Amino acid sequence: MLLAGDVGGTKTRLAVFDPEKGPRAPLFDSTFPSAAYPSLEALVAGFLAGIDVPVERASLGVPGPVVDGRAEITNLPWVVDEGQMRQTLGLDSVSLLNDLVATAYAIPFLEPGDLYTLNEGRRDPRGVIAVIAPGTGLGEGFLTWDGDRYQPHPSEGGHASFGPTSAIEVGLLRYLMERFGHVSYERVASGMGLPNIYDYLKESGYAEEPSWLAERLGGARDRAPVIVEAALDRERPCELCTATLDLFVSILGNEAANLALKVLATGGVYLAGGIPPRILPALTTGRFLRAFLSKGRFADLMARIPLHVVLHPAVALLGAAYHGFQHG
């Protein structure tokens, strides 16, 4: 039996899989508040104590880089080590992989119902696949064909320097440089990016902040969902939030295209992470695709690249399970 996990700073989802039934049919599946546990070992031990089947191995996607089988979990005081987990939990093997790499492992196995297609393109069946995942941060990765199957590769491309493509984006860059010094794409194309864009548009006088919105934002621990909800509210549209989301979508489209060009992603670009499914109406207006195609002499090449939004709600868990079965 295989234990697979999607470990996050807020919540951790664990599931047990039977090799004969495969990664889409977990025998047990539970979600836990990560911060309620002193360590990942303690969380996993509690989960395993509540199930009645023996588990021999584990494959766990974790936020942050994995170096020599060891990872410091982003936004949690956890340090995880494969050898220590194996010994503490009595497992035959433990594999840690970056959460974006875990997502990438699932991409070749996604079904039509797991995806929303923004651009059909002309897919090269052995071409490089790019994955860009805006969530709390901005994850990026890619997959290459090795002659037998696709192999995922990690990247920290989300921390590359933000390159503005319009006058309003130049103003955003200047605004954020005063606050942060270095401005990465993660600062503008992720969950942390939405409030940054909002603050810039508000402080630059683009539009007034409604009093009802100011009240909601003031009481929110995470402002990004409030901004998105207000931007997509057709009954009470908010000009400031709509402009924020529009700018976010354009920047994300441009960075998805940057990644596609750098790895020559003729196998397609996949938008994963928590944000794309939530803002699907904004991604389907054509703004994202226009930004993606806006690459001058390479516009024709970009038009041939398939673009998909990943809708599967547990793609990183699914990928961790596929990794476990491939490397077990």
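Per chain, the residues get numbers from 1 upward, laid out in the order the sequence is written. Predicted model: local features are reported for residues with pLDDT of at least 70 only, side-chain atom pairs are reported and counted for 80 or more only, and whole-chain, interface and lining totals are derived from all residues. Note: side-chain values were computed over all heavy atoms of the structure, leaving out hydrogens and water.

Draft legend 1. The arrangement of the sheet that holds strand β1 (residues 2–7) in detail. Read from one edge to the other, the open sheet built from 5 strands follows the order β3-β2-β1-β4-β7, with strand pairing classed as mixed. With one partner strand each, in any of the chains shown, β3 (28–33) and β7 (93–98) form the two edges of the open sheet. Between one strand axis and the next, the sheet turns through 15° on average, direction left out of account. Pairing between strands is defined by DSSP: at least two bridges between them are needed. Helix and strand assignments come from DSSP, with helices taken as H or I runs of at least 4 residues and strands as E runs of at least 2, each series counted from the N terminus. By the bridge criterion, 5 bridges tie β1 to strand β4 (residues 57–62) in an arrangement that is parallel. Bridging across to β4, Ala-4 finds its partner in Ser-59. Contacts are assigned to residue pairs with any non-hydrogen atoms lying within 4.5 Å of each other. Axes, fitted as lines to C-alpha atoms, cover a helix only where it is in contact. Angles between the N-to-C directions of the axes lie from 0 to 180 degrees. On the sheet, helix α1 (residues 40–49) packs against β1, β2 (11–17), β3 and β4 and is oriented at approximately 45° with respect to β2. Sitting on the sheet, helix α3 (residues 99–106) touches β4 and β7, and the angle it makes with β7 is about 95°.

Draft legend 2. The arrangement of the pairing of β1 in detail. Buried residues are those whose accessible area, probed at 1.4 Å on protein chains only, stays under 20% of the maximum for their type, while exposed residues exceed 50% and partly exposed ones sit between those limits. Judged by how many residues are buried, β1 sits mostly within the fold: 5 of 6 residues are covered. As paired strands, β1 and β2 are joined by 6 bridges and run antiparallel to one another. By the bridge assignment for β2, Val-7 is matched with Thr-12.

Draft legend 3. Layout of unusual backbone geometry. Within the chain, Asp-68 stands out as a residue other than glycine whose phi angle is a positive 55°. Mapped onto the elements of the fold, Asp-68 is located in the loop between β4 and β5 (70–72). Its identity is not glycine, yet Leu-264 carries a phi of approximately 50°, on the positive side. Considering the arrangement of structural elements, one finds Leu-264 in the loop between α8 (239–263) and β12 (268–271).

Draft legend 4. The sheet that holds strand β10 (residues 138–145), seen in detail. Strand order in the open sheet formed by 6 strands is β8-β13-β12-β9-β10-β11, with mixed pairing between adjacent strands. Edge positions in the sheet fall to β8 (115–119) and β11 (150–155), since each has one partner strand and no second. Direction aside, the axes of adjacent strands within the sheet are offset by 25° on average. Helix-sheet contacts for α8 involve β9 (129–134), β10 and β12, and the interaxial angle to β9 is about 150°.

Draft legend 5. Highlighting α1. Within the span of α1, buried status applies to Leu-40, Glu-41, Leu-43, Val-44, Phe-47 and Leu-48. Summarising the axial view, the buried residues of α1 lie within an arc of 160°, below the 170-degree limit, and thus occupy one face. In this structure, the buried side of α1 is in contact with β1, β2, β3, β4, β6 (79–81) and α2 (82–89). Note that the arc is computed from the directions linking the helix axis to the C-beta atoms.

Draft legend 6. Inspection of the pattern of salt bridges at higher detail. A pair is scored as a salt bridge if a Lys or Arg side-chain nitrogen falls within 4 Å of a carboxyl oxygen belonging to Asp or Glu. Following the criterion strictly, the structure yields 8 salt bridges and no others. A salt bridge links Arg-223 to Asp-199; the nearest nitrogen and oxygen atoms lie 2.9 Å apart. One end of the pair, Arg-223, is in helix α7 (residues 223–231); the other, Asp-199, is in helix α5 (residues 193–203), with 24 residues separating them in the sequence. Relative accessible area serves as the criterion here: at 12%, Asp-199 is assigned to the buried category. For Lys-202, the salt bridge identified is with Glu-209, shortest N-O distance 3.3 Å. Since its relative accessible area comes to 23%, Glu-209 is described here as partly exposed. Here the salt bridges share partners, and the residues they tie into one network are Arg-24, Glu-111 and Asp-114.

Draft legend 7. Layout of the packing of aromatic side chains. By convention, a stacked pair of Phe, Tyr or Trp rings (six-membered ring in the case of Trp) has centres within 6.5 Å and planes under 30 degrees apart, an edge-to-face pair has planes over 60 apart, and any other such pair is tilted. In this structure the tally under the stated criterion is 6 aromatic pairs. Between Phe-109 and Tyr-322, the aromatic rings sit 3.9 Å apart at their centres with planes inclined by 10°, giving stacked as the arrangement. Of this pair, Phe-109 sits in the loop between α3 and β8 while Tyr-322 sits in helix α13 (residues 315–326); the two residues are 213 residues apart in sequence, bridging distant segments of the chain. For the ring pair Tyr-175 and Tyr-200, a centre distance of 5.6 Å and an interplane angle of 50° mean the geometry is tilted. Taken together, the residues Tyr-175 in helix α4 (residues 167–180) and Tyr-200 in helix α5 connect sequence positions 25 residues apart. Note on geometry: a ring has a charge over it if NZ (lysine) or CZ (arginine) is within 6 Å of the ring centre and within 35 degrees of the ring normal. A cation over a ring is seen here: Arg-126 above Trp-145, with NZ or CZ 4.1 Å from the ring centre. Stacked on the ring of Phe-180, the Lys or Arg Arg-187 has its end atom at 3.9 Å from the ring centre.

Draft legend 8. Structural context of the environment of Asp-222. As for its position among the elements, Asp-222 is in the loop between α6 (211–218) and α7. For Asp-222, a relative accessible area of 46% translates into the label partly exposed. For Asp-222 and Pro-195, which are 27 residues apart along the polypeptide, the C-alpha to C-alpha distance reads 8.9 Å. Under this definition, polar contacts are N or O atom pairs within 3.5 Å; protein pairs additionally need one hydrogen-donor-capable and one acceptor-capable atom, and for neighbouring residues in sequence, both atoms have to be side-chain atoms. Polar side-chain contacts of Asp-222 include one of 3.1 Å to the backbone nitrogen of Ala-224.

Draft legend 9. Seen up close, the side chain of Ser-250. Relative to the helices and strands, Ser-250 is located in helix α8. Classification of Ser-250 by relative accessible area gives buried; the value is 15%. Excluding anything up to four places from it in sequence, Ser-250 contacts Glu-169, Arg-287 and Ala-291.

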